[in-house]
Amino acid sequence: MRFVYMLIVSVVALAVSATLIGKRAQIERPDDGLYFAVGQEPETLNPLNCFDTTGGRLLRLVMEQLAERDLWTLDWKPALATHWEVSNDGLTHTFHLRRGVHWQDGSPFTADDVRYTWERIHVDPDVRTMARSDWVDCEACEVLDDYTVRFRWKQPYFLAFSLCAGLTPVSRHAFGDATGKAFNNHPIQDRTPTGTGPYRVERWETARRIVLVRNESYWGERPFFEHIVNLFVSEDQAVFQLFKKGEIDVVGLGPLRWARQSDSESFKRRFTKVRYPSCGYNFIAWNNDRVWFRDKRVRRAMTHLVNRELIRDTIEFGFGYIITGPVYPWSPAYDRTIEPIPYDPDAAKRLLDEAGWIDHDGDGIRDKVIDGERVRFDFEFTISGTENARATIFKEEFRKAGIRMRIRHLEWAVYLTHLFERNYDATSVGESMGLEVDHYLMWHSSMADAKTSANYSNFRNAEADALIERIRVTLDEDERIPLYHRFHAILHEEQPFTFLFSGENTEAYNRRLVNVRFAPAYPGRDVTQWRAVPRDQIDHSLPAVVVQDIELEE
């Protein structure tokens, strides 16, 4: 089975007014720039420490991997490495580096930079990174010469090549051989990283914007835009207003705006709407260490109380696919025979009763005696951004079942701190799904107390651990799939998360942009291929609505 990305173009008739063609936008801006608004300011641009989507997308324009996936074919293609060899046993991966590549400070890129980066991840315990667990079985990174590097693994690992090819080297020279905390807190590389990519960070103005400028000495194809400006705008409505004024070029619409606020003729004359599959998914994480959520019967009851169909049909306007596990739902690793736990308040109440959560004092809130102390089912639900509508529905359903939920809004940076420190009762989370999934970081018991891991729910299960470890060393995909499916079934039974939706992205972009494409694979776009035309040369005959879909080919 494989994926087929299918482009379906829906053309919405445009009654183009001749008086508008050639009319320039009200706000004049340099056309050699590309303008975005981002909701959250990244914590850092150190590529090993950066865990957020905004920072990750910016870094992909500044830093480069040894190889990268083509966003549309998903095949690996050369980047900082021109070619590579993998031994027959899969334990040795040799990469031949591109000659003549320089870091943006003028120093040469060599195999020693690759080894320095690997050492920070693998053998430098004070470096803050989520990647360490992935590399645990890579026993050596050898510099064979200035342009050849070899990774040796002590046992087979099905993602070994992807990890090696996807390694993003940092410059030993720029970091001054820094290690540990000095590496984490480097005064320059933390905010203006030195890369080899098509752009460099020109300036980071706190709470205002990050400006990238084209790297004129880049070894590869020169991108069109001289500047890429990323404004920090946390208010969603403000972002949409900036877009309509022409001050930013791309905006995420979301279901409501797609359905109701972007269908006018004037909007379509100026902007193109695009809808395409998302590589992301969202879920409610129940902190399994909190007294309310230790018992899987309670977690299953909570899922029974989440009316996902209602949320999808009202708040999401029909967008989104209800999921039951943390794997891309069109992947063979996803077991499509597992049906979602249905919305069933009566079933939820029975499970809560069985678990001992009963309203003993008649105040409308369930309670239970734990360690000699009466505990009310009264927890905080932590959110950031625009999650309030969903949380309000959850709150009402839980109230009807005798559970009191209080909604706690946090700023993004504070929210992340609480998430990684497990300082929450329940929370709403969105994640990206990889094409190949190693569940170790998110689900292995050893990651439950690791502050930089993604085991957000502190999930612990011995059978799941054993499956995760077998998946890692099983190179044959046909043998891995049943292991994935059994793991999926365990999560479905245990409900450490209530899985919600794998959605669709809905965006709009200014018609001055051309050669714009979106892909379901992260990061979903390659702005180095985008162009702009003068506003008096915009082609208004092009479709106003573009829908991309995925079909499965057996």
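All values derive from a computational prediction rather than experimental measurement.

Conventions used here
- Residues numbered from 1 in each chain as written.
- Predicted model: local features only at pLDDT ≥ 70, side-chain atom pairs only at ≥ 80, totals over all residues.
- Heavy atoms only, no water.
- Salt bridge = Lys/Arg side-chain N within 4 Å of Asp/Glu carboxyl O.
- Buried < 20%, exposed > 50% of the residue type's maximum accessible area, 1.4 Å probe, protein only.
- Pairing = 2+ DSSP bridges.
- Helix = DSSP H or I, 4+ residues; strand = E, 2+ residues; numbered from the N terminus.
- Axes fitted to C-alpha atoms, helices over the stretch in contact; angles between N-to-C directions.
- Expected span 1.5 Å × (residues − 1).
- Arc of directions from axis to C-beta.
- Contact = heavy atoms within 4.5 Å.
- Polar contact = N/O pair within 3.5 Å; in protein donor to acceptor, adjacent residues only side chain to side chain.
- 1 Å grid on protein atoms, 1.4 Å probe; cavity = no way out; pocket = protein on both sides within 12 Å on 5 of 7 lines; lining within 4 Å.
- Points joined across faces, edges and corners; volume = space filled by probe spheres on them.
- Nonpolar A, V, L, I, M, F, W, Y, C, P; charged D, E, K, R; others polar.
- Disulfide = S-S within 2.5 Å.
- Core = buried A, V, L, I, M, F, W, Y, C linked by side-chain atoms within 4.5 Å.
- Phe/Tyr/Trp six-rings, centres within 6.5 Å; stacked < 30°, edge-to-face > 60°.
- Lys NZ or Arg CZ within 6 Å of the ring centre and 35° of its normal.
- Parallel < 35°, antiparallel > 145°, perpendicular 65-115°, else oblique.
- Left-handed = near helix turned anticlockwise from the far one by under 90°.

A. Structural context of the pattern of salt bridges. If you walk through the whole model with that rule in mind, you get 43 salt bridges. Across the pair Arg-208 and Glu-205 runs a salt bridge whose closest N-O atoms are separated by 2.6 Å. Overall, Arg-208 belongs to the partly exposed group, its relative accessible area being 47%.

B. Up close: the sheet that holds strand S9 (residues 199-205). Spatially, four strands are ordered S2-S11-S10-S9 in an open sheet, and the strand pairing comes out mixed. For this open sheet the edge positions go to strand S2 (33-38) and S9, each flanked by a neighbour on one side alone. Strand after strand, the sheet turns through a mean of 20 degrees between neighbouring axes, direction not considered. Direction of pairing for S9 relative to strand S10 (residues 209-214): antiparallel, over a ladder of six bridges. By the bridge assignment, Val-201 is partnered in S10 with Leu-212.

C. Summary view of helix H15 (residues 462-473). The end-to-end C-alpha distance of H15 is 17 Å, a good match for the 16 Å that twelve residues give at a rise of 1.5 Å each. Listed in full, the buried residues belonging to H15 are Ala-464, Asp-465, Leu-467, Ile-468, Ile-471 and Arg-472. Each buried residue of H15 lies within a common arc of 165 degrees when the element is viewed along its axis, so the set occupies one face. For H15, the elements touching its buried residues are helix H14 (440-443) and helix H16 (477-494). The opening residue of H15 is Asn-461, an N-cap whose side-chain oxygen sits 3.1 Å from the backbone nitrogen of Glu-463.

D. A look at empty space enclosed by the protein. Tallying each qualifying case throughout the model produces one cavity of 30 Å³ or more. Reported here for the largest cavity is a volume of approximately 40 Å³. If you trace the largest cavity, you find it lined by Arg-308, Ile-323, Thr-324, Pro-340, Ile-341, His-492, Gln-495 and Phe-499. Looking at the lining of the largest cavity, its residues break down into four nonpolar, three polar and one charged.

E. Representation of the state of the cysteines within the structure. Taken as a whole, this structure holds zero disulfides when the rule is applied. Here Cys-138 stays unpaired: no disulfide links it, and the sulfur of Cys-164, its closest cysteine neighbor, is 5.5 Å away. For Cys-138, a relative accessible area of 0% gives the class buried. No disulfide involves Cys-141; its sulfur sits 6.9 Å from that of Cys-138, the nearest cysteine. Residue class for Cys-141 comes out buried when judged on its relative accessible area of 7%.

F. Main features of the nonpolar core. With 105 residues, the main nonpolar core has Trp-135, Phe-151, Trp-153, Tyr-456 and Trp-530 as its most contacted residues. It is H16 that contributes the most residues to this core, six residues altogether. What Trp-153 contacts, discounting residues up to four positions off in sequence, is Leu-91, His-93, Asp-134, Trp-135, Asp-137, Cys-138, Glu-139, Ala-160, Leu-163 and Cys-164.

G. Expanded view of the packing of aromatic side chains. Inspection of the entire model under this criterion finds 45 aromatic pairs. Between Trp-153 and Tyr-157 the ring centres are 5.6 Å apart and the planes differ by 40 degrees, which places this aromatic pair in the tilted class. Here Trp-153 falls in the buried class, since its relative accessible area comes to 2%. Three or more aromatic residues link up through ring pairs in this structure, and these residues are Trp-76, Trp-84, Phe-95, Trp-135, Phe-151, Trp-153, Tyr-157, Phe-158 and Phe-161. A cation over an aromatic ring shows up here: Arg-472 above the ring of Tyr-157, its NZ or CZ 4.7 Å from the ring centre. Cation over ring: Arg-472 sits above Tyr-440, and NZ or CZ is 4.5 Å from the ring centre.

H. Broad picture of the sheet that holds strand S6 (residues 92-97). Read from one edge of the open sheet, four strands run S5-S6-S8-S7, paired in antiparallel fashion. Looking at which strands have only one partner, the edges of the open sheet turn out to be strand S5 (81-86) and strand S7 (138-145). Each strand of the sheet is rotated relative to its neighbour by a mean of 20 degrees, with strand direction disregarded. Pairing of S6 with strand S8 (residues 148-153), which is carried by five bridges, proceeds in the antiparallel orientation. Note that in S8 the partner of His-93 across the bridge is Phe-151. This element, helix H2 (residues 111-122), spans S6, S7 and S8 of the sheet and lies at about 165 degrees to S7.

I. How the structure looks around the packing of H15 against H16. Axis separation between H15 and H16 bottoms out at 10 Å; the angle between their running directions is 155 degrees. Taken together, H15 and H16 sit at an angle that is classed as roughly antiparallel. The element H15 and its partner H16 pack so that their crossing is left-handed. Residues Glu-463, Ala-464, Leu-467, Ile-468, Arg-470 and Ile-471 of H15 touch H16, and the partners they reach there are Arg-480, Leu-483, Tyr-484, Arg-486, Phe-487 and Ile-490. A class-by-class count of the residues in the contact of H15 with H16 yields eight nonpolar, no polar and four charged.

J. View of the pairing of strand S23 (residues 504-510). For S23, a buried count of five out of seven residues is recorded, marking the element as mostly surrounded by other parts of the structure. One ladder, built from three bridges, connects strand S12 (residues 250-252) with S23; its direction is antiparallel. If you follow Gly-252 over to S23, its bridge partner there is Glu-507. Sheet topology places strand S13 (residues 271-277) next to S23; seven bridges connect them, and they run antiparallel. Each bridged residue has a counterpart across the sheet, and for Phe-271 the counterpart in S23 is Asn-510.

K. The pairing of strand S11 (residues 227-232), seen in detail. Direction of pairing for S2 relative to S11: parallel, over a ladder of six bridges. Within the sheet, the bridge partner assigned to Ala-37 lies in S11 and is Leu-231. Relative to S11, S10 runs antiparallel, the two sharing five bridges. Along S11, the bridge assignment pairs Ile-210 with Asn-230.

L. Broad picture of H2. If you check H2, its first and last C-alpha atoms are 16 Å apart, about what twelve residues at 1.5 Å a residue would give, namely 16 Å. The element H2 is largely enclosed, with a buried count of nine among its twelve residues. Of all the positions in H2, only Ala-111, Asp-113, Val-114, Tyr-116, Thr-117, Trp-118, Arg-120, Ile-121 and His-122 are classed as buried. Looking at the buried residues of H2, the elements they touch are S6, S7, S8, helix H4 (172-175) and helix H5 (180-184).

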